[in-house]
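# Working through the structure, step by step
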Amino acid sequence: MPADHSWDLLFTHVTLATLEGGHPFGLIENAALACTGDRIAWLGPMAALPADATARRVEHLEQRVLTPGLIDCHTHLVFAGNRAHEFDLRLNGATYEQIARAGGGILSSVRAVRAASEDALLAQSLPRARALLADGVTTLEIKSGYGLEFESERKMLRVARRIGELLGITVRTTYLAAHALPPEYCDDADGYIDAVIDWLPRLHDEGLVDAVDAFCEGIGFSPAQTRRVFAAARALGLPVKLHADQLSNLGGAALAAAFDGLSADHLEHTDAEGVQAMAAHGTVAVLLPGAFHVLRETRLPPIAQLREHGVPMAVATDCNPGTSPLLSLRQAMQLACTHFRLTPDEAGTSPIPPNCAIGSAEHWPSASMWLAVHSPDRSVFPCA
Ligand code: DI6
Ligand code: FE
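Here the residue numbering is sequential within each chain, running from 1 through the sequence in written order. By the order in which they are written, chains take letters starting at A while ligands take numbers starting at 1. Local features in this predicted model are restricted to residues of pLDDT 70 or higher, and side-chain atom pairs are both shown and tallied only at a pLDDT of 80 or more, whereas totals for entire chains, interfaces and linings draw on every residue. Derived side-chain values reflect all non-hydrogen atoms in the structure, with water molecules and hydrogen atoms excluded from consideration.

## Quick word on the coordination of the iron ion (ligand 2)
Inclusion rule: Coordinating donors are taken to be N, O and S atoms lying within 2.8 Å of the metal, or within 3.2 Å when the metal is Na, K or Ca; because water is excluded from the atom set, some sites may appear incomplete. Burial here depends on accessible area, computed with a 1.4 Å probe over protein chains only, as a share of the maximum for the residue type. Under 20% is buried, over 50% is exposed, and the range in between is partly exposed.
The protein atoms that coordinate the iron ion (ligand 2) are His74 (NE2), His76 (NE2), His243 (NE2) and Asp318 (OD), at distances of 2.1 to 2.3 Å. Between the donor residues of the iron ion (ligand 2), the gaps in sequence give the motif H-x1-H-x166-H-x74-D. Each of the two residues, His74 as well as His76, counts as buried.

Below you can see the structure in the form of structure tokens.
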């Protein structure tokens, strides 16, 4: 049977990043790419475009770069207010931990989120999602964790869902009520963890939770408390991920791996045991160079060991008002190369397999049917 070359959409005159090995980003210069429905039907050099090719819509892209839609798998994008003054405090010598212990940091965002209506929270958060989208992101993870009480956590997760609906992109929500100890529970972290575990099935029943996270740190929650949250998540069939070993080594990477975690994130203090556990359980290393940069950290994640053990690495913005006010995943990729010495290819994404759903994610089982066109206008195209 002759091949069918009548397509829905044809991009011509593009610089195509296939992300296949052997050539940086698997670039094909002066290329074309055709889609039928949500599938890539054909790609190759313009010179090889079949003579009988037709498409219902043709976009001449003037050699702009075409990539799969990018995936930002770690953000705290839904928040209210700002914490610019903390940047000033840190420049004058205060540490992140000192600011947090003095009631600033995460708790300052908690006060702002609690005070905001759902619509106000949406209005403040939506431009951030739009900025990421304009930078090529089509699949976005958004965490709760600035509510720390049932209704406010629910409000954050509802806003995250609304962002996905309004922008037509894939949003995955993560329940991060175990982010900081709210004032109501001062001196009773275990009591607060009881509440976090109690709220989870109710939010899950409302379809608001895709995964569960915790901040396992000296200024956050202990490994034992994190395990309790994770056990509750897994009992509901929810996957887990963890803020692990960012400021200290509490064995967070190994803990996340023990629960078959989707990812362990940050990892500046992760040791060999943690790396090996991640490799054994297929837990992805999510690197967050924005927070490393803003906090002026000096200790690097164990990149060489992650490579050596074949642990998959991903880069995310960690977009948050305190430690990573970053609204560009491409900037995060650049920071990962500058600070962590990732190669540009490592900072990119997985190869596009033949006939795959466009922009399908390795990290999230989603098929975001988008391609990102970069510079000069950084637009993204829906392809279905
Ligand atoms: N992710 C987090 O959740 C914390 N640090 C990080 O990199 C706290 C974010 C914040 O300060 O709001
Ligand atoms: Fe984070």
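Structure's up, so let's keep going.
## As for helix α7 (residues 223-235)
Selection criterion: Comment: elements are numbered from the N terminus, with helices defined as DSSP H or I runs of at least four residues and strands as E runs of at least two. Expected span, for any helix, means 1.5 Å times one less than how many residues it has. We call two residues in contact when some of their heavy atoms are within 4.5 Å.
Its 13 residues place the ends of α7 18 Å apart at the C-alpha level, agreeing with the 18 Å of an ideal helix rising 1.5 Å per residue. Within the sequence span of α7, burial applies to Pro223, Gln225, Thr226, Val229, Phe230, Ala232 and Ala233. Residues of α7 that are buried sit in contact with β8 (170-178), α6 (189-205), β9 (211-216), β10 (241-244) and α8 (252-258). Gly237 sits one or two residues past α7 and shows a positive phi near 80°.

## Quick word on empty space enclosed by the protein
Taking a probe equal in size to a water molecule and rolling it over the atoms shows the remaining empty space. Threshold: Points on a 1 Å grid, built from protein atoms alone, make a cavity when a 1.4 Å probe fits but cannot get out and make a pocket when they are open with protein on both sides within 12 Å along at least 5 of 7 lines; residues with an atom within 4 Å of a point are the lining residues. Grid points are joined across faces, edges and corners, and a volume is the space filled by probe spheres set on the points. Side-chain classes are defined by residue name, with Ala, Val, Leu, Ile, Met, Phe, Trp, Tyr, Cys and Pro counting as nonpolar, Asp, Glu, Lys and Arg as charged, and the others, Gly among them, as polar.
Tallied over the full model, the rule gives one cavity of 30 Å³ or more. In this structure, the largest cavity occupies an estimated 100 Å³ of space. If you go around the largest cavity, you meet 13 residues; those closest to its centre are His76, Tyr96, His179, Asn320 and Thr323. Here the residues of the lining of the largest cavity are counted per class, giving four nonpolar, seven polar and two charged.

## Some remarks on the pattern of salt bridges
The condition is simple: What counts as a salt bridge is simple: a side-chain nitrogen of Lys or Arg found within 4 Å of a carboxyl oxygen of Asp or Glu.
Summed over all chains, the structure comprises 19 salt bridges. Where Arg154 meets Glu206, a salt bridge forms, and the shortest distance between an N and an O atom there is 2.9 Å. Linking Arg154 in helix α5 (residues 150-167) with Glu206 in the loop between α6 and β9, this pair joins segments that are 52 residues apart in sequence. Here Glu206 falls in the partly exposed class, since its relative accessible area comes to 38%. Through salt bridges with shared partners, a single ionic network connects Glu118, Asp119, Arg158 and Arg162.

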